[in-house]
Amino acid sequence: MKSLKRFVVLFSLIVFVVAGFVGIHSKAQALEIKFGHVGNPGSLFQICVDEFAKRANYRLGDKATVVGYGASQLGKDRELLRKLKLGTITFALPSTVMSSVVDEFGLFEMPYLVKNRNHMRKIRDQVFWPKIEPAVHAKGYKIIAVWENGFRNITNNVRSVNVPSDLKDLKLRTPKGAWRVKMFKTYGANPTPMAFSEVFVALQTGLNSFVT
């Protein structure tokens, strides 16, 4: 179990962002400001969005109200990104899907890259903001903040995973990030990109035996 824990922790430290479309202005702020995300009640996503809304609404007063819509009520990550550009929502909270916006975001899907949280802070300050954020901005999005999305774990009902080679031929659900899929294919697994809202049905039907 010790080696399993080390394997999971080292490759799974990632970040996620709040992204707002550059073209949203005061006209949207006169009404309800929609903040969409895919997190279920009680999730880190929900907690973060609720806290953001609480602080924003305190400062906004009666000018506007930020309202969070979780559990994919306004769509999954890709749809939320499209709605940002259409202006039908103002904020979204995407994670791994951002590597489909700019390849540079694949940095956060690389295994064994981040040593610890202090190292992550250096990556944020010296790599993310000066280099990756401008690439996202060029695609029409404005990143408001970036922070940790927690640790990812691998679970399965087939065999113990102590080293990467133990993943060989095992069916695995991954977030919809191209580089994460490539990584697990390199390890010999059979990964399927899938929205988290679809995971439990996939487990029940046998489509996947792993969750990450």
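To be clear, the structure that these remarks concern was listed above.
Quick notes on the rules
Residues numbered from 1 in each chain as written. Predicted model: local features only at pLDDT ≥ 70, side-chain atom pairs only at ≥ 80, totals over all residues. Heavy atoms only, no water. Helix = DSSP H or I, 4+ residues; strand = E, 2+ residues; numbered from the N terminus. Buried < 20%, exposed > 50% of the residue type's maximum accessible area, 1.4 Å probe, protein only. Areas by Shrake-Rupley, 256 points an atom, 1.4 Å probe, with all protein chains shown as cover. Phe/Tyr/Trp six-rings, centres within 6.5 Å; stacked < 30°, edge-to-face > 60°. Lys NZ or Arg CZ within 6 Å of the ring centre and 35° of its normal. Salt bridge = Lys/Arg side-chain N within 4 Å of Asp/Glu carboxyl O.

K.L.:
When you look at the overall build of the protein in this model, what are you seeing that I'm missing?
P.N.:
When helices and strands are counted, the protein shows seven helices and nine strands. Within the protein, the proportion of its 212 residues that are buried is 44%. When the accessible surface of the protein is split by element, carbon and sulfur atoms take 56% of a total near 11,500 Å².

K.L.:
Please explain the packing of aromatic side chains as it appears in this structure.
P.N.:
When we look at a pair of aromatic rings, we describe it by the centre distance and by the angle of the planes. Within the structure shown, the criterion is met by eight aromatic pairs. Consider the rings of Phe105 and Phe108, whose centres lie 5.8 Å apart with planes at 55°: the pair is tilted. Each member of the pair, Phe105 as well as Phe108, is classed as buried. An angle of 80° between the planes, with centres 5.7 Å apart, marks the rings of Phe105 and Phe128 as edge-to-face. Linking Phe105 in the loop between β4 (91-92) and α5 (117-137) with Phe128 in helix α5, this pair joins segments that are 23 residues apart in sequence. When sorted by exposure, Phe105 lands in the same class as Phe128, which is buried. Against the face of Trp179 rests Lys182, its NZ or CZ located 4.0 Å from the ring centre.

K.L.:
Which parts of the structure should I look at to understand unusual backbone geometry?
P.N.:
Backbone geometry follows two general trends: most residues other than glycine have a negative phi, and most peptide bonds adopt the trans configuration. Despite not being glycine, Ser72 has its phi angle at roughly 60°, a positive value. Judged by its relative accessible area of 18%, Ser72 is buried.

K.L.:
For this particular structure, what's the right way to read the pattern of salt bridges?
P.N.:
Where charged atoms from two side chains of opposite charge come close, those side chains can pair. Under the definition given, this model contains four salt bridges. For Glu148, the salt bridge is made with Arg117, and the minimal N-O distance between the two is 2.9 Å. Linking Glu148 in strand β5 (residues 141-148) with Arg117 in helix α5, this pair joins segments that are 31 residues apart in sequence. Residue classification places Arg117 among the partly exposed residues on the basis of a relative accessible area of 42%.

Just geometry here; none of it tells us what the structure is for.
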